[in-house]
Amino acid sequence: LWVQNAYYTNSPLWIPVYLVPESWMVSVVDLTVAFRMSLASAFCTLWLTREEEKNNLMRVLFGLCYGLCAWALAFMNQFMWTDAYMLLPLVALGIRRIAKGKSPVMYALCLGLTLWSNFYVGFMVCIFSVMWFGLYLSGENRISKGKLILRFLVGSLLAGGLASAVLIPTYIGLQQTVASTLGFEGKLELYNGIGAILAKILPVSETSLVYEAPNIYCGLLCLPLG
């Protein structure tokens, strides 16, 4: 039961669902998913906005592109994963604050909430965080790289600590499943061809729902301006 909750229902945004009659359930879930998409757009706009450019409406446009990206549309029917995509811009913003020499608290809180809400996609956000921080670390920094790495590590450990009440029991529970006995077979291969993957950038591509090419479309406007 604990593992199922960690996978499906730990998001704080599910609290209103528990408070309504069962006959309203479908409508409330739909509204909750739409609310998450709205928050994802707002958080991405916040991440894109620099302190000196607070009124740039182009940031809102790109925030909407993120909130309505193909990944979000594909996983509307698996909404337990959408907290991570909603909080991802805030995690990225927290990493940027660390790179500027600021406190890692925002990064720790946002990543901790991501892991608490859904450990599965939260794990992928952790991988992204390391790669994103490495990108900042490879650039020019006024602060020593050692101090930046220390702050990032402290923030990451705090995030793990905040979510440990979920992560530790979930890890123990997963060790008792059939999936824990499966190992890496030593072979890496793409499920889909490069052409099929690149075609997903085009706005006419269909949304993948099962074992098809990944949903990487985020708005054609983002591609030439990236």
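Located above this text is the structure these notes cover.
Is there a simple way to explain a nonpolar patch on the surface in this structure?
On the surface, a nonpolar cluster with roughly 540 Å² of combined accessible area is contributed by Tyr-120, Phe-123, Met-124, Ile-127 and Met-131. Mapped onto the elements, Tyr-120 comes out in helix 8 (residues 119–137).

Where do I start with the nonpolar core in this structure?
Among soluble globular proteins, nonpolar side chains are generally buried collectively. Formed by 34 residues in total, the largest nonpolar core has its most connected members in Tyr-85, Val-91, Tyr-107, Leu-111 and Phe-133. Every element with two or more residues in this core is listed here: helix 3 (25–48), helix 4 (57–67), helix 5 (70–74), helix 6 (82–99), helix 7 (105–117), helix 8 and helix 9 (145–162). Ranked by the residues each element gives to this core, the list is headed by helix 6, at 8 residues. With sequence-adjacent residues up to four places away left out, Leu-111 is seen in contact with Val-91, Val-125, Cys-126, Ser-129 and Ala-159. In this structure, Trp-14, Val-17, Val-29 and Val-33 belong to the second largest nonpolar core, which totals 5 residues.

Just checking my understanding: could you explain the packing of aromatic side chains for this structure?
Each aromatic ring pair is described using two quantities: the centre-to-centre distance and the angle formed by the ring planes. Following the criterion strictly, the structure yields 8 aromatic pairs and no others. Residues Tyr-107 and Phe-152 carry aromatic rings whose centres are separated by 5.3 Å and whose planes lie at 25 degrees to one another, so their mutual orientation is stacked. Here Tyr-107 is found in helix 7, whereas its partner Phe-152 is found in helix 9, with 45 residues between them in sequence. The pair formed by Tyr-107 and Phe-152 is uniform in burial state, with each residue classed as buried. Residue classification places Phe-152 among the buried residues on the basis of a relative accessible area of 7%. An aromatic cluster is defined as three or more aromatic residues linked by ring pairs; in this entry it consists of Trp-47, Phe-128, Trp-132 and Tyr-136. Arg-36 extends its terminal NZ or CZ atom over the ring of Trp-14, reaching a point 4.5 Å from the ring centre.

Hey, could you run me through the side chain of Asn-192 in this one?
Locating Asn-192 in the fold gives a position in the loop between helix 10 (164–174) and helix 11 (194–199). In terms of polar contacts, Asn-192 uses its side chain to reach the backbone amide nitrogen of Ala-213, at 3.4 Å. Once residues within four sequence positions are removed from consideration, Asn-192 is found in contact with Ile-197, Tyr-211, Glu-212, Ala-213 and Pro-214.

Explain the pattern of salt bridges here, please?
When the charged atoms of two side chains lie near each other, side chains of opposite charge can form a pair. Under the counting rule described, the total for this entry stands at 1 salt bridge. Among the salt bridges present, the one from Arg-36 reaches Asp-83, with a minimum N-O distance of 2.6 Å. With Arg-36 in helix 3 and Asp-83 in helix 6, the pair connects residues that are 47 residues apart, well separated along the chain. Side by side, Arg-36 and Asp-83 carry an identical accessibility label, which is buried.

Even after reading the chapter, I still don't get the environment of Ser-205, so can you show me in this structure?
Relative to the helices and strands, Ser-205 is located in the loop between helix 11 and helix 12 (222–225). With 10 residues separating them in the primary sequence, Ser-205 and Asn-215 have C-alpha atoms 9.2 Å apart. In this structure Ser-205 touches Ala-199 and Lys-200, once residues within four positions along its chain are discounted.

Rules and cut-offs
Residues numbered from 1 in each chain as written. Predicted model: local features only at pLDDT ≥ 70, side-chain atom pairs only at ≥ 80, totals over all residues. Heavy atoms only, no water. Patch = residues over 30% accessible without salt bridge, like charges linked within 9 Å, V, L, I, M, F, W, Y side chains within 5 Å. Areas by Shrake-Rupley, 256 points an atom, 1.4 Å probe, with all protein chains shown as cover. Salt bridge = Lys/Arg side-chain N within 4 Å of Asp/Glu carboxyl O. Helix = DSSP H or I, 4+ residues; strand = E, 2+ residues; numbered from the N terminus. Core = buried A, V, L, I, M, F, W, Y, C linked by side-chain atoms within 4.5 Å. Buried < 20%, exposed > 50% of the residue type's maximum accessible area, 1.4 Å probe, protein only. Contact = heavy atoms within 4.5 Å. Phe/Tyr/Trp six-rings, centres within 6.5 Å; stacked < 30°, edge-to-face > 60°. Lys NZ or Arg CZ within 6 Å of the ring centre and 35° of its normal. Polar contact = N/O pair within 3.5 Å; in protein donor to acceptor, adjacent residues only side chain to side chain.

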